[in-house]
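# Structural characterization, general
Chain by chain, the residues run as shown.
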Amino acid sequence: MNAVDIQGVSLRYGKMTALRQLDLHLEEGEVLGLFGHNGAGKTTTMKLILGLLTPSEGQLRVLGQAPNDADVRRRMGYLQENVMFYPQLTGRETLHHFARIKGAARQQADQLLEQVGLAHAADRRVKTYSKGMRQRLGLAQALLGEPRLLLLDEPTVGLDPIATQDLYLLIDQLRQQGTSVILCSHVLPGVEAHINRAAILAGGQLEAVGTLTSLRTGAGLPSRIRATGLKQREQVLQSFSSLNGNARPLGGDGIELTGSAATKMSLLRQLLDRDQPGDIDILQPSLEDLYRFYTERASRARAAEDKA
Ligand SMILES: Nc1ncnc2c1ncn2[C@@H]1O[C@H](COP(=O)(O)OP(=O)(O)OP(=O)(O)O)[C@@H](O)[C@H]1O
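Only a predicted model underlies this, so the values are computations on that prediction, with no experimental measurement involved.

About the criteria used
Residues numbered from 1 in each chain as written. Predicted model: local features only at pLDDT ≥ 70, side-chain atom pairs only at ≥ 80, totals over all residues. Heavy atoms only, no water. Helix = DSSP H or I, 4+ residues; strand = E, 2+ residues; numbered from the N terminus. Buried < 20%, exposed > 50% of the residue type's maximum accessible area, 1.4 Å probe, protein only. Contact = heavy atoms within 4.5 Å. Areas by Shrake-Rupley, 256 points an atom, 1.4 Å probe, with all protein chains shown as cover. Lys, Arg positive; Asp, Glu negative; His and termini not counted. Charge placed at Lys NZ, Arg CZ, Asp CG, Glu CD. UniProt positions renumbered as here; feature names shortened; annotations may be inferred. Expected span 1.5 Å × (residues − 1). Polar contact = N/O pair within 3.5 Å; in protein donor to acceptor, adjacent residues only side chain to side chain. pLDDT = per-residue confidence, 0-100. Pairing = 2+ DSSP bridges. Axes fitted to C-alpha atoms, helices over the stretch in contact; angles between N-to-C directions. 1 Å grid on protein atoms, 1.4 Å probe; cavity = no way out; pocket = protein on both sides within 12 Å on 5 of 7 lines; lining within 4 Å. Points joined across faces, edges and corners; volume = space filled by probe spheres on them. Nonpolar A, V, L, I, M, F, W, Y, C, P; charged D, E, K, R; others polar.

This paragraph deals with the overall build of the protein chain. Assigned secondary structure in the protein chain consists of ten helices and 13 strands. Referenced to the eigenvectors of the C-alpha coordinate spread, the extents of the protein chain come out at roughly 70 × 55 × 35 Å. Among the 308 residues that make up the protein chain, the fraction classed as buried is 46%. Considering only residue pairs separated by 6 or more positions, the protein chain has 69% of its internal contacts joining residues 24 or more positions apart. Entry remark: accessible area of the protein chain is about 15200 Å², with carbon and sulfur atoms responsible for 49%. Taking the 36 positively charged and 33 negatively charged side chains of the protein chain as two groups, their mean positions are separated by 5 Å.

Printed below as a string of structure tokens:
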């Protein structure tokens with residue numbers, strides 16, 4: 001059973017179509033990164049999964065049930081963008097309050113405060129918390145009741161680099177325990193090692209979805225192999241240039257080879273056949289490169305449609 005199954009879902013706010021024919025699924029124990037420009041439809045997708053919105057068309061199942069099923073709601077955790085709390089309550093009281101609403105055990109509060117690094121501030125009022133502390137409290141609130149499905153909307157906003165890294169490690173841990181996670185973010189650097197697949201929304205439509213490897217193959221963006229410490233650099237350069245012109249010299253004794261995701265490994269083997277480099281770096285298209293590629297492709301397609 002998939003944690004989330006979205007089939008042909010459209011969502012209209014009056015005349016405005018926020019999501020168009022969305023097909024997307026989330027496997028159990030999978031982390032899906034959901035990316036897109038402002039207004040692309042990410043929060044709308046989250047709200048549909050949470051049962052806060054009803055599709056105008058299409059089918060949606062969450063943990064095998066309708067999203068507004070009471071049992072499903074108990075097994076979901078949600079960290080919303082710009083999370084707000086009662087300023088007069090302490091961190092611990094805040095979690096007790098949400099535990100009551102969610103039907104979760106009150107004793108969980110202390111363990112969760114510890115887990116998100118807020119144990120030292122458990123008895124301080126939330127109004128004295130920094131932005132990052134409120135974000136951590138939001139995460140603890142989302143984790144109440146040991147959810148099987150976690151929806152995180154911009155979870156790293158306000159977190160410092162160490163706290164961001166801690167959050168990603170926590171997501172890795174939850175995934176290992178079988179929790180499914182959808183992570184919406186505009187912050188792409190650093191996230192790619194922690195997601196199984198990425199989905200890119202543009203203008204309410206799914207422009208691309210897949211593992212980074214499959215998105216790289218689909219985009220056809222080049223990978224670069226940088227090698228230094230070559231003993232026969234000129235011969236190596238010549239032999240690659242005569243093959244397909246994808247080699248160029250770098251400063252010192254280095255070279256850079258450029259190839260598609262499909263040819264990368266073969267280029268690497270050819271290089272190692274020809275020389276014994278002291279060091280090698282492989283620079284693959286990053287999540288940002290892929291995001292740029294797919295969103296620009298979507299914009300071009302839309303501009304062409306508008307012209308026609
Ligand atoms: N309640 C609403 N009434 C009318 N239009 C809405 C409403 N909520 C969202 N929209 C519109 O639906 C579209 C999708 O919005 P959504 O909030 O899902 O985008 P998003 O990808 O989460 O954006 P952001 O990154 O800015 O949070 C936008 O054009 C937005 O203006």
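In the numbering used here, UniProt assigns the feature "domain: ABC transporter" (unreviewed entry) to residues 4-228. End C-alpha to end C-alpha, residues 4-228 measures 47 Å, and it is 31% helix and 29% strand.

The backbone of Leu 63 sits at a positive phi, close to 50 degrees, despite the residue not being glycine. Even without a glycine there, the phi angle at Glu 146 is positive, about 50 degrees. Relative to the assigned elements, Glu 146 resides in the loop between helix H5 (131-143) and strand S6 (149-153).

Its 16 residues give helix H6 (residues 161-176) an end-to-end C-alpha distance of 23 Å, which sits within 8% of 22 Å, the value for a rise of 1.5 Å per residue. Looking at H6, one finds that the buried residues are Ala 163, Thr 164, Leu 167, Tyr 168, Leu 170, Ile 171, Asp 172, Leu 174 and Arg 175. Where H6 begins, the side chain of Asp 160 points an oxygen toward the backbone nitrogen of Ile 162, at a separation of 3.1 Å. Looking one or two places after H6, you find Gly 178, whose phi comes out positive at around 95 degrees.

A few words now on the confidence of the model for the protein chain. On average, the protein chain scores 91 in pLDDT, and the residues at 70 or more come to 99%. With a pTM of 0.87, the predicted complex shows an ipTM of 0.97.

Attention now moves to the sheet that holds strand S13 (residues 279-283). Read from one edge of the open sheet, four strands run S11-S12-S10-S13, paired in antiparallel fashion. Two strands in the sheet have a free side with no partner beyond their single neighbour: strand S11 (247-249) and S13. Adjacent strand axes in the sheet meet at a mean angle of 20 degrees when their direction is disregarded. Bridge count for S11 against strand S12 (residues 255-259) is three bridges, and the pairing is antiparallel. For Arg 248, the partnering residue across the bridge sits in S12 and is Glu 256. The sheet strands contacting helix H9 (residues 264-274) are strand S10 (223-228), S12 and S13, and the helix crosses S10 at an angle near 15 degrees.

If you trace the three strands from one edge of the open sheet to the other, you get S2-S1-S4, paired in antiparallel fashion. Each of the sheet's edge strands pairs with one partner strand only, and the pair in question is strand S2 (16-26) and strand S4 (57-62). The mean angle between the axes of side-by-side strands here comes to 25 degrees, regardless of whether they run parallel or antiparallel. Relative to S4, strand S1 (residues 4-13) is paired through five bridges, and the arrangement is antiparallel. Residue pairing for S4: Ile 6 is matched across the bridge by Leu 60.

In this structure, the largest pocket encloses a volume near 500 Å³. Lining the largest pocket are 17 residues; nearest its centre among them are Tyr 78, Phe 98, Ile 101, Lys 102 and Gln 141. Secondary-structure elements contributing two or more residues to the lining of the largest pocket are helix H2 (70-74), strand S5 (76-79) and helix H3 (91-102). Top element by residues in the lining of the largest pocket is S5. It accounts for four residues. When grouped by side-chain class, the residues that make up the lining of the largest pocket number eleven nonpolar, three polar and three charged. In this structure, the second largest pocket occupies an estimated 220 Å³ of space. In terms of residue count, the dominant contributor to the lining of the second largest pocket is helix H4 (residues 108-115) (four residues). Broken down by class, the residue content of the lining of the second largest pocket amounts to four nonpolar, six polar and two charged.

Further remarks concern the pairing of S10. Covered by surrounding structure in S10 are Ser 223, Ile 225 and Ala 227 only, the residues Arg 224, Arg 226 and Thr 228 on the alternate face being uncovered. With five bridges connecting them, S10 and S12 associate as antiparallel partners. Considered in S12, the bridge of Ala 227 is made with Ile 255. Alignment of S10 against S13, held across five bridges, turns out to be antiparallel. Looking at S13, one finds that Arg 226 is bridged to Asp 281.

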